[in-house]
Amino acid sequence: MGKYYSPTGGLPPQTHLTTERAIVTEAYTVIPKGVMTDIVTSNLPGFSNTRSWIIARPISGFATTFSQLIVEIGPGGGAPKAEFEAGVEGVIFVTRGKVSLTLDGELHQLEEGGYAYLAAGSEWGLENVSDDVVSFHWIRKAYERLEGYEAKSFVTNEKDVEPTAMPDTDGAWKTTRFTDSSDLAHDMQVNIVTFQPGGVIPFPETHVMEHGLYVLEGKAMYLLNNDWVEVEAGDFMWLRAFCPQACYAGGPGEFRYLLYKDMNRQVRLT
């Protein structure tokens, strides 16, 4: 069993209570791990022996900048070409197993913690050459080009990226950033946020960035708008712009989540 939570599907028995922790509001949505069953999966064009849980997509009046999928590829499955939409950038983060990524003609092997930024216009595909399933997150966004800047594809692993402690937190709150926040070539970031037991976001963040937060490890109390919601590994939180948020990580272990945010662009008015 890997360190990151990945859904395994299945279907609850007929005796299972229908009460769950799923919440949909005008400001935020919570998709708990328990509702990611077989019957809510989607097939993906161009992929074989593959299924996905689509956990975020642009919705008018809510979050509009990105989509996020949890993709599971069985042995021998994959897609020689994964992205068919022009102008779309992506990030892959592997939570279980190993997958072969062919990116602009170069072969890369991604294992748990593997991270790939896939620039708009790049040619890439995936193949599971192992005997077990592979599971990964796939975040997609329409790239907003900026004159004089161009984001480039790259491949890494979270274990090779040093987390940065947030100021005045004594390491209780750290962020693993795979790109430099000041690099205007990038109009989004997909980071990993880590809280030690007792760590907090000490104020309700209220900002223009939209968020997708997938809990990789641990549990915590998370403030979403006016509600304190208990979340755990495998849960997904989806926040529209300006939704207040804060966090209290009570332990006993680390609380870690994969975080999407849009950034570095002027607000379009026309």
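Position labels on residues start from 1 in each chain and follow its written sequence. Only residues with pLDDT of at least 70 get local features here, since the model is predicted, and only at 80 or more are side-chain atom pairs given and counted; chain-wide, interface and lining totals rely on the full set of residues. The side-chain figures draw on all heavy atoms in the structure; neither hydrogens nor water molecules are used.

Some points on the sheet that holds strand E18 (residues 227–232)
Working step 1: The four strands are arranged E15-E20-E17-E18 in an open sheet whose pairing can be described as antiparallel. The sheet is open, and its two edges are formed by strand E15 (200–205) and E18, each paired on a single side. Each adjacent strand pair in this sheet contributes to an overall mean axis angle of 25°, direction not counted.
Working step 2: What makes two strands pair is DSSP finding at least two bridges between them. Here a helix means four or more residues in a row that DSSP labels H or I, a strand means two or more in a row labelled E, and each is numbered from the N terminus. Taken together, the three bridges between E15 and strand E20 (residues 245–248) define a ladder with antiparallel strand orientation. Residue pairing in the sheet places valine 200 in a bridge with tyrosine 248 of E20. Note on geometry: axes are C-alpha line fits, over the in-contact stretch for helices, and angles between N-to-C directions span 0 to 180 degrees.

Description of the packing of aromatic side chains
Working step 1: Only Phe, Tyr and Trp rings are paired, with Trp represented by its six-membered ring, and only when their centres lie within 6.5 Å; those with planes under 30 degrees apart are stacked, over 60 edge-to-face, the remainder tilted. One pass over the structure, following the stated rule, counts 13 aromatic pairs.
Working step 2: Relative to tyrosine 260, the ring of phenylalanine 66 lies with its centre 4.0 Å away and its plane at 25°, an arrangement referred to as stacked. Remark: tyrosine 260 occurs in strand E21 (residues 255–262) and phenylalanine 66 occurs in strand E4 (residues 66–79); sequence separation between them is 194 residues. Of the two residues, phenylalanine 66 and tyrosine 260, neither departs from the other in class, the shared state being buried.
Working step 3: Aromatic rings pair up to connect Trp173, Phe195, Tyr222, Phe255 and Tyr257 into one cluster.
Working step 4: Our definition puts a charge over a ring when NZ of Lys or CZ of Arg is within 6 Å of the ring centre and also within 35 degrees of the ring normal. Arginine 140 extends its terminal NZ or CZ atom over the ring of tryptophan 138, reaching a point 5.7 Å from the ring centre. Partly exposed residues are those whose accessible area sits between 20% and 50% of the maximum for their type, while under 20% is buried and over 50% is exposed, using a 1.4 Å probe and protein chains only.

Concerning the pattern of salt bridges
Side chains that differ in charge, positive against negative, can pair when their charged atoms come close.
Working step 1: Salt-bridge detection follows one rule: a side-chain nitrogen of Lys or Arg within 4 Å of a carboxyl oxygen of Asp or Glu. Considering all chains together, one arrives at 16 salt bridges under this definition.
Working step 2: A salt bridge links aspartate 132 to arginine 96; the nearest nitrogen and oxygen atoms lie 3.5 Å apart. Of this pair, aspartate 132 sits in the loop between strand E9 (124–127) and strand E10 (134–142) while arginine 96 sits in strand E5 (residues 88–96); the two residues are 36 residues apart in sequence, bridging distant segments of the chain.
Working step 3: Residue classification places aspartate 132 among the partly exposed residues on the basis of a relative accessible area of 42%.
Working step 4: Residue class for arginine 96 comes out partly exposed when judged on its relative accessible area of 27%.
Working step 5: Linked through salt bridges whose partners overlap, the residues forming this network are Lys3, Glu158, Glu217 and Arg256.

Overview of the sheet that holds strand E2 (residues 28–31)
Strand pairing within a sheet occurs via backbone hydrogen bonds; the two strands may be parallel or antiparallel.
Working step 1: The sheet built from eight strands is open, its strands ordered E1-E2-E19-E16-E21-E14-E13-E12 with antiparallel pairing. Each edge of the sheet is formed by a strand with only one pairing partner; in this case those strands are strand E1 (23–24) and strand E12 (164–165).
Working step 2: By the bridge criterion, two bridges tie E1 to E2 in an arrangement that is antiparallel. If you follow valine 24 over to E2, its bridge partner there is threonine 29.

Topic: unusual backbone geometry
Working step 1: Note the cis peptide between glycine 251 and proline 252, where omega equals 10°.
Working step 2: Structurally, proline 252 is set in the loop between E20 and E21.
Working step 3: Although it is not a glycine, aspartate 104 adopts a positive phi angle of roughly 50°.
Working step 4: In this structure, aspartate 104 sits in the loop between strand E6 (99–103) and strand E7 (106–110).
Working step 5: Of note, the phi angle at asparagine 225 is positive, near 60°, even though the residue is not glycine.
Working step 6: Tracing the backbone through its elements, the reader meets asparagine 225 in the loop between strand E17 (219–224) and E18.
Working step 7: Assessed through its relative accessible area of 30%, asparagine 225 is described here as partly exposed.

Comments concerning the side chain of aspartate 235
Working step 1: Inspection of the secondary structure assignment puts aspartate 235 in the loop between E18 and strand E19 (236–239).
Working step 2: Here aspartate 235 falls in the buried class, since its relative accessible area comes to 0%.
Working step 3: Polar contacts, as counted here, are pairs of nitrogen or oxygen atoms within 3.5 Å of one another; within protein the pair requires one atom able to donate a hydrogen and one able to accept it, and residues that are adjacent in sequence qualify only if both atoms are side-chain atoms. A polar contact of 2.8 Å, which involves the side chain of aspartate 235, links it to the side chain of arginine 21.
Working step 4: In terms of polar contacts, aspartate 235 uses its side chain to reach the backbone amide nitrogen of glutamate 232, at 2.9 Å.
Working step 5: Here aspartate 235 is in contact with Arg21, Ile31, Pro32, Lys33, Leu213, Tyr214, Val215 and Glu230, once residues within four sequence places are set aside. In this analysis, two residues are considered to be in contact whenever any of their non-hydrogen atoms come within 4.5 Å of each other.

What about a nonpolar patch on the surface?
Working step 1: Patch membership is restricted to residues that have no salt bridge and whose relative accessible area is over 30%. Joining uses 9 Å for like charges and 5 Å for the nonpolar side chains Val, Leu, Ile, Met, Phe, Trp and Tyr. Working definition of accessibility: Shrake-Rupley area with a 1.4 Å probe, residue cover restricted to the visible protein chains. Where nonpolar side chains cluster on the molecular surface, the patch consists of Val208, Phe242, Val267 and Leu269 and spans about 440 Å² of accessible area.
Working step 2: Positionally, phenylalanine 242 belongs in the loop between E19 and E20.
Working step 3: A relative accessible area of 49% places phenylalanine 242 in the partly exposed class.

Looking at the UniProt feature "domain: Cupin type-2" (unreviewed entry) in the protein
Working step 1: UniProt positions are given in the numbering used here, feature names are shortened, and annotations may be inferred rather than shown by experiment. Per the UniProt record, "domain: Cupin type-2" (unreviewed entry) is annotated on residues 70–139 and 192–258.
Working step 2: As annotated, residues 70–139 has a helix share of 0% and a strand share of 63%, and its two end C-alpha atoms lie 9 Å apart.
Working step 3: A distance of 5 Å separates the end C-alpha atoms of residues 192–258, which is 0% helix and 61% strand.

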